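Residue strings, one per chain:
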Amino acid sequence: IADVSITPCVDGTKAVASYAVRTIGSGEVSLTIKDECGKTVATASGAEGSFTIENVHLWEPLNAYLYTAEISFGDDFYAETFGVRTIEVKGTQFLINGKPFYFKGYGKHEDSNYHGRGMDEVLNVKDISLMKWMGATPFRTSHYPYSEEMMYLCDREGIVVIDETPAVGVNLNFGAAAGKEKQDTYATIRTKEHHHDVVHDMIARDKNHPCIVMWSIANESDTTTFPDSSVAYYKPLYDLAHECDPQNRPVTIVGVMNDFTKDKTLPLMDVICLNRYYGWYIYGGDLNAAKQALKIELDYWKQLGKPVMFTEYGADTVAGLHQATPTMFTEEYQADFYEAVHEVVDQYECFIGEQIWNFADFATIEGTMRVDGNKKGVFTRDRRPKFAAHTLRRRWKSIPDFGYKS
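What comes next is a walk through the structure. (Residues numbered from 1 in each chain as written. Predicted model: local features only at pLDDT ≥ 70, side-chain atom pairs only at ≥ 80, totals over all residues. Heavy atoms only, no water.)

The helix and strand tally for the protein chain stands at eight helices and 20 strands. The C-alpha atoms of the protein chain give 22 Å as radius of gyration, which agrees with the globular expectation for 406 residues (22 Å, within 12%). Counting only C-alpha atoms, the protein chain reaches 70 × 45 × 45 Å along its principal axes. By the burial criterion, 53% of the 406 residues in the protein chain qualify as buried. Of the roughly 17,400 Å² of accessible surface on the protein chain, 51% is carried by carbon and sulfur atoms. (Helix = DSSP H or I, 4+ residues; strand = E, 2+ residues; numbered from the N terminus. Rg over C-alpha atoms; globule rule 2.2 N^0.38 Å. Buried < 20%, exposed > 50% of the residue type's maximum accessible area, 1.4 Å probe, protein only. Areas by Shrake-Rupley, 256 points an atom, 1.4 Å probe, with all protein chains shown as cover.)

What follows deals with helix H2 (residues 148–157). Among the residues of H2, those classed as buried are Met150, Met151, Leu153, Cys154 and Asp155. Contact partners of the buried residues in H2: helix H1 (121–134), strand S14 (138–140), strand S15 (160–164), helix H4 (192–206) and strand S16 (212–219). Positive backbone phi, at 75°, marks Gly158, one or two positions downstream of H2. (Contact = heavy atoms within 4.5 Å.)

As a further point, take the side chain of Arg276. Position of Arg276 among the secondary structure elements: in the loop between strand S18 (272–275) and helix H6 (287–301). For Arg276, the side chain forms a polar contact with the main-chain oxygen of Gly255, separated by 3.2 Å. Reaching out from Arg276, the side chain makes a polar contact with the backbone oxygen of Val256 at a distance of 3.0 Å. Setting aside residues up to four positions removed in sequence, Arg276 forms contacts with Gly255, Val256, Met257, Asn258, Phe260, Glu297, Trp301, Phe310, Glu312, Tyr313 and Gly314. (Polar contact = N/O pair within 3.5 Å; in protein donor to acceptor, adjacent residues only side chain to side chain.)

Empty space within the largest pocket amounts to approximately 1,000 Å³. Looking at the largest pocket, it is lined by 32 residues, and the ones nearest its centre are Glu220, Phe362, Thr364, Arg370 and Asn374. Residue classes in the lining of the largest pocket are distributed as 13 nonpolar, 11 polar and eight charged. Of the volumes computed, that of the second largest pocket is approximately 270 Å³. (1 Å grid on protein atoms, 1.4 Å probe; cavity = no way out; pocket = protein on both sides within 12 Å on 5 of 7 lines; lining within 4 Å. Points joined across faces, edges and corners; volume = space filled by probe spheres on them. Nonpolar A, V, L, I, M, F, W, Y, C, P; charged D, E, K, R; others polar.)

It is the contact of H6 with helix H7 (residues 331–345), at a shortest axis distance of 9 Å, that shows an interaxial angle of 35°. In the packing of H6 onto H7, the handedness of the crossing is right-handed. Where H6 abuts H7, its residues Leu287, Lys291, Leu294, Lys295 and Leu298 lie against Tyr333, Asp336, Phe337, Ala340, Val341, Glu343, Val344 and Val345. In terms of residue class, the contact of H6 with H7 is made up of nine nonpolar, no polar and four charged. (Axes fitted to C-alpha atoms, helices over the stretch in contact; angles between N-to-C directions. Left-handed = near helix turned anticlockwise from the far one by under 90°.)

A word on the pattern of salt bridges. Within this structure, the stated rule accounts for 26 salt bridges. The shortest N-O distance in the salt bridge between Asp228 and Lys264 comes to 2.8 Å. Pair noted here: Asp228 is in helix H5 (residues 227–244) and Lys264 is in the loop between strand S17 (251–255) and S18, with a separation of 36 residues, a long-range link. Residue classification places Asp228 among the exposed residues on the basis of a relative accessible area of 52%. (Salt bridge = Lys/Arg side-chain N within 4 Å of Asp/Glu carboxyl O.)

Spatial ordering of the open sheet is given by S8-S9-S10, a layout of three strands whose pairing is antiparallel. The open sheet has two edge strands with one neighbour each: strand S8 (87–90) and strand S10 (99–100). Of the strand pairs in this sheet, strand S9 (residues 93–96) and S10 are connected by two bridges, and their pairing is antiparallel. Looking across to S10, one finds that Ile96 is bridged to Lys99. (Pairing = 2+ DSSP bridges.)

For the structure shown, the criterion picks out 29 aromatic pairs. With 4.9 Å between their ring centres and 75° between their planes, Phe101 and Phe103 make a pair best called edge-to-face. Just as Phe101 is buried, Phe103 falls in that class too. Each member of the aromatic cluster is reached from another via a ring pair, and the members are Tyr19, Phe51, Tyr65, Tyr67 and Phe82. The residue whose ring lies beneath Lys99 is Phe402, and the NZ or CZ to ring-centre distance is 4.3 Å. Taking the ring centre of Phe139 as reference, the NZ or CZ of Lys108 above it sits at 5.7 Å. (Phe/Tyr/Trp six-rings, centres within 6.5 Å; stacked < 30°, edge-to-face > 60°. Lys NZ or Arg CZ within 6 Å of the ring centre and 35° of its normal.)

A word on the side chain of Glu331. When you line up the elements, Glu331 lands in helix H7. For the buried Glu331, no salt bridge exists, and the shortest N-O distance to an oppositely charged side chain is 7.4 Å, to Lys386. Within the structure, the side chain of Glu331 is placed 2.7 Å from the backbone nitrogen of Phe387, a separation counted as a polar contact. (Lys, Arg positive; Asp, Glu negative; His and termini not counted.)

At a minimum axis separation of 10 Å, H4 and H5 run at an interaxial angle of 25°. Between H4 and H5, the angle is such that the two are roughly parallel. For the pair H4 and H5, the sense of crossing is right-handed. Packed against H4, whose contacting residues are Lys192, His195, His196, Val199, His200 and Ile203, the element H5 presents Ala232, Tyr233, Tyr234, Pro236, Leu237, Leu240, Ala241 and Cys244 at the interface. Partitioning the contact of H4 with H5 into residue classes produces 10 nonpolar, three polar and one charged. (Parallel < 35°, antiparallel > 145°, perpendicular 65-115°, else oblique.)

A word on empty space enclosed by the protein. Rolled over the atoms, a probe as big as a water molecule pinpoints where empty space is left. Under the counting rule described, the total for this entry stands at four cavities of 30 Å³ or more. Looking at the largest cavity, its volume works out to about 50 Å³. What lines the largest cavity is simply Thr92, Gln93, Phe94, Pro100, Phe101, Tyr102, Glu349, Ile352, Tyr404 and Lys405. The class makeup of the residues in the lining of the largest cavity is six nonpolar, two polar and two charged.

Written out as structure tokens, the structure is:
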């Protein structure tokens, strides 16, 4: 058994699922589908086909239900869990099981004090526990696909995931890579073939996970300096993601702060995902100006008639630093920053999600912009909540996962 794809479709109270099993060698393929109690609810035979689950239990955020496909081929055996749910972008709404879903969560990293970077199964359990404590439901795998163990855990716990490729900062006109003259990033770099492979491989690995509701093909790329060049690079990758995914989930690219009016790539995506730092990198310390600038930008994006969400927004905050008056880097300023942003985004029906940057403080390269790493976490690197965590918890606990802005 080399690979298996399971694509459920909901039809009233039942699910009709198509499947394909790729094999090496000779033998007969058979499938037995079991529910969470271990009861057989469907069977099938052959390398391709379909099966029907009557009185199906749907997979939902924070209310997961998983079926298991037991696959036999000759002497080989493999068990794959899967969930039954629908994903659809309709107008300005993001629908899960036909209901408008609102993203309340994070960008995060696989990072901790003692383990450093990489998979930590104990920490994964801890992080999901903290997410649930806050009333959060989703996170983005910034900026690479996380371990399979984490994906299976999110399936089981009902956590919603945006799965992202490791294409971070494909941009020769930003940060340390920027020179005096503007460069056509996509005429200079030679990453397109490998980027194609990465998109293909990510979806091939993660396609059966019900927790994954959207694919992100890149984070903070150069999409405005030479916009036509950017479209020529990313439109084929957008199409590829749709072609590779048997479930045809929405596809996005995460946009960096830029002259958004010149961006021709973001409007092509199914969901407009923005990394925005009004009140920090732009108008830092002046939240009134930040709110005005944010309104101007959201007025622009709402004209597209597509869902808009933040995949990053936040402010560096040193735990334990306090002032009577909110000042940048204090815990008070971080809380006020989020309240200012939310005051604006709640005015837009097209705005369907807030994923803060970041879940927890994390290590970075040394530099004058970083104090012992990136401090934008609402939790410290050892997972202690900052003041803003309680502010966000009150907000997120009051916002339903479904029906908000419906």
